[in-house]
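Single-letter residue listing:
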Amino acid sequence: MAGRAIGQSERAGGAIGQSGRAGRAVDRSGMAGRAIGQSERAGRVVDRSGMAGRAIGQSERAGGAIGKSDWPAPTSMEDHSVCSTPVPAGNKASLRETSHEGHVPSAEVLEAIENVILDVLKSLAQNKAPVLTLARRSDWRNIEFKDSVGLQMIPHYTTKQIRSDCPRSAPKFALMLKILSMIYKMVQSNTYATKRDIYYSDTLLFGSQSVVDNIINDISCMLRIPRRSLHVLSTTRGFVAGNLSYTEEDGTKVNCTCSTTAVTVPSNVQGIKNLISHAKFMLIVEKDATFQRLLDDDFCNKLSPCIMITGRGIPDLNTRLLVRKLWDSFQIPIFTLMDADPHGVEIMCIYKYGSVSMSFEAHHLTVPSIRWLGLLPSDLQRLNIHKDALIPFTKQDQKKLASIQKRPYIACQPTWKKELEIMAASKLKAEIQVLTSLSSDYLSRVYLPNKLQFGGWV
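Residues numbered from 1 in each chain as written. Predicted model: local features only at pLDDT ≥ 70, side-chain atom pairs only at ≥ 80, totals over all residues. Heavy atoms only, no water.

Chemist: I tried to follow the layout of surface pockets on my own but got confused; where do I start?
Modeler: If you roll a probe as big as a water molecule over the atoms, it shows you where there is empty space left. There is about 900 Å³ of room inside the largest pocket. In this structure, the largest pocket is lined by 36 residues; those nearest its centre are Ile314, Ile350, Ser355, Ser357 and Met358. Going through the elements one at a time, helix H10 (195-200), helix H12 (209-223), helix H15 (317-330), helix H16 (342-353) and helix H19 (395-405) are the ones with two or more residues in the lining of the largest pocket. Among the elements that line the lining of the largest pocket, the one with the most residues is H12, at four residues. Along the lines of polarity and charge, the residues of the lining of the largest pocket split into twelve nonpolar, twelve polar and twelve charged. (1 Å grid on protein atoms, 1.4 Å probe; cavity = no way out; pocket = protein on both sides within 12 Å on 5 of 7 lines; lining within 4 Å. Points joined across faces, edges and corners; volume = space filled by probe spheres on them. Helix = DSSP H or I, 4+ residues; strand = E, 2+ residues; numbered from the N terminus. Nonpolar A, V, L, I, M, F, W, Y, C, P; charged D, E, K, R; others polar.)

Structure below.
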């Protein structure tokens, strides 16, 4: 029935160029025109029967008209390109249920995209300006803290509208349709692309990588479908090493037990299987330099078998997915080794409780059982680290720490709260490398063994 309905909206294709309100307003955006103008190919993809393809394909004529004026590409991560219209409480959406692994069958993904396009065509057929409704992902009012999950989006969240008749949001509206058409084709043909691939398919159109990243997350949230089920992969930056072996989706066997070489976190964590480990614990290391030093010191084998992971700073999606998958598979203690500064605490909180912008996927990304092993602000006092080796806070550090202290999960962590108060009072921060002022191998020979043996975590 959807196919017939879309097919019958051939009228709507003409309406894209003819409709008074939508046509005149969207005509102001050159980039929107370019995106919609290029959607002839997208049109053929979006409906397997070809009927929606004919309707959307006719929008090339509209695209040419729209392209008369040049609009700059969106450059921000969030709402600067959005004409935001709050949706009344009665119209708030609910979250899609996904499996434990977060996988959505391809047929459901295709249907979800077809429903979006169908709604656009229905609006055009009724001579109305199409809109896309998105959750306010970065609004704390849409977020709740749950001890067992972390930061998650509330079931009935407030939304914003990306309107095709608003000069500020028309470019984003068109780009979302463009990327939806690319996703549809990939899912249909069972092919994959990274976010970087999508950006480089037309850098002039998208403007920046951050625009593509933000739109893909918006689409994932809008459809209630995890990004990996949309066949969009992240570029992996993380490394894993230690007592772990597994088989990748293509049958490649990976052994991480070599003490001096790290393995890149797989780009498709969902597809790995046959995980084997005798590790007693897992250690998440903030920085690559510290991670490599521990590898050189053979830390993974000296104390007891363990798994080490680093996201090399703020973790990418694949690194977070792997930490969660290892937790689900082995249920071993997980510790973090971060710099004693607000940035390190922020990174640890992302692993443990998640981020606001990705709260709609919290169940697949967070591990609330993670413990803070070091570097603790109280360790600096206990070890008598000389103040000359510490770094004064910047205004940005003070602002970041104040923000973290106000977050809902800090109230549930009195020991964390105390550590943050010590940091705030001293207005000093320290990198893990500060321990080398005690001895070159103090971290692996003394600090970590003592902490793990005597329970020096919070």
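Chemist: What should I look at first to understand the environment of Lys387 in this one?
Modeler: Residue position: Lys387 is located in the loop between helix H18 (377-382) and strand S16 (391-392). A residue is classified by how much of its surface remains accessible, and Lys387, at 63% relative accessible area, is exposed. Distance from Lys387 to Leu428, taken between C-alpha atoms, is 8.5 Å for residues 41 residues apart in sequence. (Buried < 20%, exposed > 50% of the residue type's maximum accessible area, 1.4 Å probe, protein only.)

Chemist: Hey, could you run me through the sheet that holds strand S9 (residues 253-255) in this one?
Modeler: Think of a sheet as strands paired side by side through backbone hydrogen bonds, with each pair either parallel or antiparallel. Here we have three strands laid out as an open sheet, ordered S9-S8-S11, and antiparallel in their pairing. At either margin of the open sheet sits one strand with a lone partner, and together these are S9 and strand S11 (273-276). In this sheet, neighbouring strand axes are inclined to one another by 10° on average, regardless of whether the strands run parallel or antiparallel. Where strand S8 (residues 245-247) and S9 come together, three bridges link them in antiparallel fashion. Bridge pairing links Tyr246 to Val254 in S9. (Pairing = 2+ DSSP bridges. Axes fitted to C-alpha atoms, helices over the stretch in contact; angles between N-to-C directions.)

Chemist: Quick question: what am I supposed to make of the packing of aromatic side chains here?
Modeler: What describes a pair of aromatic rings is the distance from one ring centre to the other and the angle between the planes of the rings. What the rule picks out here adds up to nine aromatic pairs. Between Phe335 and Trp457 the ring centres are 4.8 Å apart and the planes differ by 45°, which places this aromatic pair in the tilted class. Of this pair, Phe335 sits in strand S14 (residues 334-337) while Trp457 sits in the segment after helix H21 (442-454), placing them 122 residues apart in sequence. Owing to a relative accessible area of 6%, Phe335 belongs among the buried residues under this scheme. Taken together through their ring pairs, the aromatic side chains of Phe145, Tyr353, Trp372, Tyr409 and Trp416 make up a single cluster. (Phe/Tyr/Trp six-rings, centres within 6.5 Å; stacked < 30°, edge-to-face > 60°.)

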